[in-house]
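Report on the structure
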Amino acid sequence: MAQRIVVIGGGVGCARFVKGVREHVRRAGLDARIDVVVNTADDWWVSGLRIAPDHDSILYALAGVNDAERGWGRADESERVAAELAVWGTAPDWFTLGDLDLGTHIARTAWLRGGATVSEVYRRLGARWQLGATLHPATDDEIDTHVLLEDGSAIHFQEWWVRHRAQVPAMGFLQHGIALAQPSTGALGALELADIVLFAPSNPVVSIGPILAVPGMREALRGARAPIVGVSGIIGGSAVRGMADACLAAIGVETSAAAVARHYGARGAGGVLDGWLVAEEDEASVSSIRDIGIETRAVPLWMRDDDTSAQLAADALALAADLA
Ligand code: GDP
Ligand code: CA
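Reference entry: report on the structure contained in this document. Sequence order as written defines residue numbering, which begins from 1 separately in each chain. Throughout, the order in which chains and ligands are written sets their labels, letters from A for the former and numbers from 1 for the latter. Where totals are concerned, whole chains, interfaces and linings use all residues; where local detail is concerned, this predicted model gives features only for residues with pLDDT of at least 70, and gives and counts side-chain atom pairs only at 80 or more. Processing note: side-chain calculations cover all non-hydrogen atoms of the structure and skip hydrogens and water entirely.

A few words on the sheet that holds strand β10 (residues 228-231). By the convention used here, strands pair only if DSSP detects at least 2 bridges between them. What counts as a helix is a DSSP run of H or I of at least four residues, what counts as a strand is a run of E of at least two, and both are numbered from the N terminus. Strand order in the open sheet made by the seven strands is β5-β2-β1-β9-β10-β13-β14, with parallel pairing throughout. Of all strands in the sheet, those bounded by a partner on one side alone are β5 (134-137) and β14 (295-299). Across the sheet, the mean angle from the axis of one strand to that of its neighbour is 25 degrees, orientation sign disregarded. Relative to strand β9 (residues 196-199), strand β1 (residues 3-9) is paired through four bridges, and the arrangement is parallel. Paired with I5 across the two strands is I196, which belongs to β9. Note on contacts: a residue pair is in contact if any heavy atoms of the two residues lie within 4.5 Å. Interaxial angles span 0 to 180 degrees and are taken between N-to-C directions of axes, which are lines fitted to C-alpha atoms, for helices over the stretch in contact. Of the strands in this sheet, β2 (32-38) and β5 are in contact with helix α5 (residues 118-126), which crosses β5 at around 155 degrees.

Below, the structure is given as structure tokens:
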């Protein structure tokens, strides 16, 4: 029977990692099935359209149609519609959507308006390409993240992230409606049947955090028979290719691989991790993380290309196999 690998994560960091898992599976000739539980808390409504940045980053990367240089959106993109929207004043001037990308958002919005669930929209979008992985929303319910500011007001996560580049101090993050949200059946099914669960090196606060905050998700993870191994997105005390440090600061967690591991916690002590991969630069923290009950190894953590991403995936799967 095919080995079932489940990856949990957000956008770009998760996309690179899942590509690595897929590449490792291919190279090693493994009989494996890859499911991805995707963060939906970055989603928002803009210009009347439902945007799902994390899902689309993974979709486009796995399909090979992403703009690798820019780091987001579609390759060979144009912005004719965005220019029109700017003239009409119906889109914020700090959030530009490309024409091809808008095609995705229009299709998604049309399906949602027609009554489709987010899970069903994922299925329809994914069916266009040979992704080599099945994507599931963490939840079908709307749980858009809002950022609490010092003056007591709250703005949508995208405004804080894209417009303010996470430079306005955040006092915390909240997802309206999350208390009533439920994990999607696809996510729960994947976790139940998983042989291995991997946390991508995604933003611990605004990508993995909201997934874990969906009521029932922690329990599903803690009850999974599969070993759970996480990969640190923090290398040598800094968030690579991202602004995770601003998010960690807002919730009072230091920007270090060890602090993030403590934040997730050992499954044996009420947390969600059995294993943790840190960068070679962070070798010195390995024993302190082991001490709290998380088996930890130091390996190369930079995903530069297919080779380095596939090797990272291989290291994560090897640790999981040793824990199983
Ligand atoms: P986003 O939703 O597009 O911000 O993407 P994610 O939440 O999935 O991942 C963003 C995080 O990925 C960043 O904050 C980094 O910590 C991490 N990251 C990005 N590139 C790398 C890499 O090459 N190696 C590792 N270990 N982490 C990375
Ligand atoms: Ca994201």
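As a further point, take helix α2 (residues 53-63). Most of α2 sits inside the fold, with 10 of its 11 residues counted as buried. Taken together, the buried positions of α2 are D54, H55, D56, S57, I58, L59, Y60, A61, L62 and A63. Each element contacted by the buried residues of α2 is listed here: α1 (12-28), β2, α4 (99-113), α5 and β5. One or two residues past the end of α2 sits G64, with phi positive at roughly 75 degrees. Under the scheme applied here, a residue whose accessible area is under 20% of the maximum for its type counts as buried, over 50% as exposed, and between as partly exposed, the area being computed with a 1.4 Å probe on protein chains only.

A word on the coordination of the calcium ion (ligand 2). Listed as protein donors to the calcium ion (ligand 2) are D42 (OD), D54 (OD) and D54 (OD); their distances from the metal cover 2.0 to 2.9 Å. Here D42, found in the loop between β2 and β3 (44-46), pairs with D54, found in helix α2; they are 12 residues apart in sequence, far enough to count as distant. Atoms of type N, O and S within 2.8 Å of a metal are treated as its donors, and for Na, K and Ca the window is 3.2 Å; water is not considered, so some sites may appear to be missing partners.

Turning our attention to the site of ligand 1. By convention in these notes, a residue is near a molecule or strand provided one of its non-hydrogen atoms lies within 4 Å of it. Taken together, 19 residues surround ligand 1, and among them S202, S207, G233, R241 and L301 come closest. Within the side chain of S202, one N or O atom sits 2.6 Å away from an oxygen atom of ligand 1. Here a polar contact is taken to be a pair of N or O atoms separated by no more than 3.5 Å, where protein atoms must pair a possible hydrogen donor with a possible acceptor and residues adjacent in sequence count only if both atoms sit in side chains. Contacts to ligand 1 include S232, whose backbone N or O atom sits 2.9 Å from a nitrogen atom. For the area figures, the Shrake-Rupley method with a 1.4 Å probe applies, and any residue is considered shielded solely by the protein chains shown. Notes on ligand 1: free accessible area 590 Å², of which the protein chains cover 93%. Counting residues per element, the shell around ligand 1 draws most heavily on α1, which supplies three residues. Under the scheme applied here, ten amino acids are nonpolar (Ala, Val, Leu, Ile, Met, Phe, Trp, Tyr, Cys and Pro), four are charged (Asp, Glu, Lys and Arg), and all others, including Gly, are polar. Counted by class, the shell around ligand 1 contains nine nonpolar, eight polar and two charged residues.

Moving on, we come to empty space enclosed by the protein. The definitions used throughout rest on a 1 Å grid laid over the protein atoms alone, on which a cavity is an enclosed set of points accommodating a 1.4 Å probe that cannot get out and a pocket is an open set flanked by protein within 12 Å on both sides along at least five of seven lines; lining residues are those having an atom within 4 Å of a point. Grid points are joined across faces, edges and corners, and a volume is the space filled by probe spheres set on the points. What the rule picks out here adds up to three cavities of 30 Å³ or more. One number sums up the size of the largest cavity: a volume of about 40 Å³. T40, D43, R50, V118, T139, D140, D141, E142, I143 and D144 are the residues that line the largest cavity. Class assignment of the residues belonging to the lining of the largest cavity gives a composition of two nonpolar, two polar and six charged.

What follows covers the pattern of salt bridges. Take a side-chain nitrogen of Lys or Arg and a carboxyl oxygen of Asp or Glu: if they are within 4 Å of each other, that pair is a salt bridge. Under the defined criterion, the tally for this structure stands at 16 salt bridges. A salt bridge links R27 to E23; the shortest N-O distance between them is 2.7 Å. Of this pair, R27 and E23 are both found in helix α1, four residues apart, which corresponds to roughly one turn of the helix. Its salt-bridge partner being D144, residue R50 comes within 2.8 Å of it at the nearest N-O pair.

Core analysis: the biggest nonpolar cluster contains 56 residues, and W160, V197, F199 and W276 have the highest contact counts within it. For this core, the element with the most residues is helix α11 (residues 257-264), which contributes six residues. When near neighbours in sequence (up to four residues on either side) are disregarded, W160 contacts V147, L149, I155, R165, A166, V168, A170, F173, A246 and C247. The definition of a nonpolar core used throughout is a set of buried Ala, Val, Leu, Ile, Met, Phe, Trp, Tyr and Cys residues joined through side-chain atoms within 4.5 Å. Listed in part, the 44 residues of the second largest apolar core include L62, L198, V299 and A320.

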